[in-house]
Amino acid sequence: MATVKLSFSPAPVHVRTARLVGVAVARRAGVREELLDEVRLAIGEACTRAVALHRQYGVPEPVLVEMSDTGAYAVRVVDRAPIEAGLGLAALNADQLANESLDEDDLTTGVGFALLAGFVEDLQVRPVDEGVGTEVRMVWPVGR
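Residues numbered from 1 in each chain as written. Predicted model: local features only at pLDDT ≥ 70, side-chain atom pairs only at ≥ 80, totals over all residues. Heavy atoms only, no water.

Looking up the chain in an unreviewed UniProt entry gives the name ATP-binding protein, with the organism given as Micromonospora peucetia.

1. Describing the pattern of salt bridges
Spelled out, the test is: Between Lys or Arg on one side and Asp or Glu on the other, a salt bridge is scored when a side-chain nitrogen of the former is within 4 Å of a carboxyl oxygen of the latter. Buried, partly exposed and exposed residues are distinguished by accessible area as a fraction of the type maximum, computed with a 1.4 Å probe on protein chains only: under 20%, between the cut-offs, and over 50%, respectively. For the purposes of this entry, the term helix denotes a DSSP run of H or I that reaches at least four residues, the term strand denotes a run of E that reaches at least two, and both are numbered from the N terminus.
Evaluation of the coordinates by the stated rule reveals eight salt bridges. Salt-bridge contacts for Glu 34 lead to Arg 32; the nearest nitrogen and oxygen are separated by 2.6 Å. Residue Glu 34 is classed as exposed on the basis of its relative accessible area of 55%. Between Glu 135 and Arg 76 there is a salt bridge, and its shortest N-O distance comes to 2.4 Å. Of this pair, Glu 135 sits in strand E6 (residues 132-140) while Arg 76 sits in strand E3 (residues 73-82); the two residues are 59 residues apart in sequence, bridging distant segments of the chain. Overall, the relative accessible area of 2% leaves Glu 135 in the buried class. With a relative accessible area of 22%, Arg 76 lands in the partly exposed category. Among the ionic contacts, a cluster of salt bridges with common partners joins Lys 5, Glu 66, Arg 76, Arg 126 and Glu 135.

2. Section: the environment of Ala 46
Threshold: By definition in these notes, contact holds between two residues if any of their heavy atoms fall within 4.5 Å.
Tracing the sequence through the fold places Ala 46 in helix H2 (residues 36-56). Here the alpha-carbon distance between Ala 46 and Met 138, two residues 92 residues apart in the chain, equals 9.4 Å. Those residues in contact with Ala 46, other than ones at most four positions away along the chain, are Val 77, Leu 116, Val 136 and Met 138.

3. Description of H2
Test applied: Each residue after the first adds 1.5 Å to the expected span of a helix.
Between the first and last C-alpha of H2 there are 30 Å, a value that for 21 residues agrees with the 30 Å anticipated at 1.5 Å per step. Every buried residue belonging to H2 is among Leu 36, Val 39, Ala 42, Ile 43, Gly 44, Ala 46, Cys 47, Arg 49, Ala 50, Val 51, Leu 53 and His 54, and all of these are buried. At the exit of H2 stands Gly 58, carrying a positive phi of roughly 65°.

4. Considerations on the pairing of E6
What counts here: Two strands are said to pair when DSSP picks up at least two bridges between them.
Counting buried positions along E6 yields seven of nine residues, so the element is predominantly enclosed. Bridging between E3 and E6 involves eight bridges; their strand directions are antiparallel. From the neighbouring strand, Val 77 faces E6, where its bridge partner is Val 136. As paired strands, strand E5 (residues 122-127) and E6 are joined by six bridges and run antiparallel to one another. Pairing of Gln 124 across the sheet is with Arg 137, part of E6. In this structure, the hairpin formed by E5 and E6 is closed by a connection of four residues, where Gly 131 is found at a positive phi of approximately 85°.

Here it is in structure tokens:
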């Protein structure tokens, strides 16, 4: 298996499906059983964040989730919200996100990023395109 792609309309009901598919792919990729709850929670949080941003800014495009097992299990969740909305803390890694202080203006992105940093050691958040979209990339080790 190389990459599994899933896209869904920005509705909260579809987040559960993304979590289920993500865990199934993680299990097949060889992620250790004790990490699967973290995978489930992280994918759910990243997708919920993307759906919330799409709904808040009236973005009709689908949320994109890509899962790959090339070397490790990597998950990308891509939203199409304005970058200033979705990337309130700039492009940061997990250590920076965990130590970032949050104010009330940044609750949509900041709290979600802080939670993700608790679930995922290898976490990256960065802009996707010029002015539109944020990518949340999460990686877990596989034990083949």
